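One letter stands for each residue in the lines below.
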Amino acid sequence: MKTFQELGVFGMSAITAVTAQNTLGVQGVYPLSAEAVAAQIESVAADLGADAVKTGMLFSAEIIRTVAEQVKKHKWERLVVDPVMIAKGGAPLLQEEAVAALKEELLPMALVITPNIPEAEALTGVVIRTMDDRREAARLLHRMGARYVVVKGGHDDDGEETVDLLYNGSEFSYFKSKRIDTRHTHGTGCTFAAAIAAELAKGRHPVDAVATAKAFVQSAIAHPLGIGQGHGPTNHWAYRQYGE
């Protein structure tokens, strides 16, 4: 919601689960029923509609199937799938049996999918150690149906740069930024996907949307708030205040 606000679009939400968490970890996950998720989506769709949609923590196969049904029903084409599987501190946020549903039900409808390296490994079975491995994972994810695949590079600790790889089915693009040594990276994945969705809602091309999202997150990491005892949150107003 903060990302949407900062990038000038009006965000609406359908809550799939309530978590008890802080910068030190996730202390509890309390999923809503699939019926409750569907009702929230219907409420938004029936009144305001949506120019772009982003998914995040979906938790269960039943919720994933419900979301997929709603996307089909309302014919939402600008869908960003952030395959949230593991919290920053390592807690699982997606049930094991839900992975198959994600691959079969939701990925084929995605305009953009934004896995980090561990998520790309879990979805494709590819052990990612090199850029060639990342390219292979991106190809496999594209074959699953996602039209644009972004394999994020934040978990690759080699070198002084982080490189996000984008694949559109025919060519690769690379988005590079200086690696920042910080523990304040909580929420970067969600923020990145939200920024892409915001730019898509404005009618921007997916490649341009990814470029803006990369700059938005880089600024948020470069200007940390410095709060919390663990993985502190990113600074959502940094892009507006400081620029890239």
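Up top is the structure.
All values reported here derive from a predicted model rather than from experimental measurement.

A. Focus on the sheet that holds strand 4 (residues 79-81). The mixed open sheet is built from six strands, whose spatial order is 3-4-5-6-7-8. Of all the strands in the sheet, the pair left with one neighbour each is strand 3 (53-55) and strand 8 (172-178). Where strand 6 (residues 148-151) and strand 7 (residues 161-167) come together, three bridges link them in antiparallel fashion. Bridge pairing in strand 7 places Val151 opposite Leu165. On top of the sheet, helix 8 (residues 206-222) reaches strand 5 (112-113), strand 6, strand 7 and strand 8; it is set at about 15° to strand 8, its chief contact.

B. Just helix 3 (residues 61-74), in detail. Between its terminal C-alpha atoms helix 3 stretches 20 Å, which fits the 20 Å expected from 14 residues at 1.5 Å a residue. Within helix 3, burial applies to Ala61, Ile63, Ile64, Thr66, Val67, Ala68, Gln70 and Val71. Each element contacted by the buried residues of helix 3 is listed here: helix 2 (34-47), strand 3, strand 4 and helix 4 (98-106). Among the residues trailing helix 3, Lys75 stands out with phi positive, at a value near 55°.

C. Highlighting the pairing of strand 7. Taken across its seven residues, strand 7 has six buried, putting it largely inside the fold. Sheet topology places strand 7 next to strand 8; seven bridges connect them, and they run antiparallel. Across the sheet, the residue bridging to Asp164 is Phe175, located in strand 8. A loop of four residues connects strand 7 with strand 8, the two strands running antiparallel in sequence, and Gly169 in this loop sits at a positive phi of about 100°.

D. Quick peek at the nonpolar core. Grouped together as the largest cluster of nonpolar side chains are 38 residues, with contacts concentrated most on Ile64, Val67, Val81, Leu102, Leu106 and Ile113. Put simply, the parts of the chain that give this core at least two residues each are helix 2, helix 3, strand 4, helix 4, helix 5 (117-124), helix 6 (131-143), strand 6 and strand 7. Ranked by residues supplied to this core, first place goes to helix 3 with six residues. What Ile113 contacts, discounting residues up to four positions off in sequence, is Val81, Pro83, Leu107, Leu123, Leu141, Ala146, Tyr148, Val149 and Val150. Grouped together as the second largest cluster of nonpolar side chains are 25 residues, Tyr148, Phe192, Ala195 and Phe216 included.

E. Expanded view of the pattern of salt bridges. Within this structure, the stated rule accounts for eight salt bridges. The closest approach of N and O atoms between Lys73 and Glu42, which form a salt bridge, is 2.4 Å. Taken together, the residues Lys73 in helix 3 and Glu42 in helix 2 connect sequence positions 31 residues apart. Its relative accessible area of 52% is what places Lys73 among the exposed residues. Judged by its relative accessible area of 25%, Glu42 falls in the partly exposed class. Overlapping salt bridges bring together Glu199, Lys202 and Arg204 as one network.

F. Spotlight on the side chain of Arg135. Note on placement: Arg135 falls in helix 6. Of the residues examined, Arg135 reaches a relative accessible area of 18% and is grouped as buried. Not counting residues up to four positions away in its chain, the partners in contact with Arg135 are Leu165, Phe172 and Tyr174.

Reading the values: the criteria
Residues numbered from 1 in each chain as written. Predicted model: local features only at pLDDT ≥ 70, side-chain atom pairs only at ≥ 80, totals over all residues. Heavy atoms only, no water. Pairing = 2+ DSSP bridges. Helix = DSSP H or I, 4+ residues; strand = E, 2+ residues; numbered from the N terminus. Contact = heavy atoms within 4.5 Å. Axes fitted to C-alpha atoms, helices over the stretch in contact; angles between N-to-C directions. Expected span 1.5 Å × (residues − 1). Buried < 20%, exposed > 50% of the residue type's maximum accessible area, 1.4 Å probe, protein only. Core = buried A, V, L, I, M, F, W, Y, C linked by side-chain atoms within 4.5 Å. Salt bridge = Lys/Arg side-chain N within 4 Å of Asp/Glu carboxyl O.

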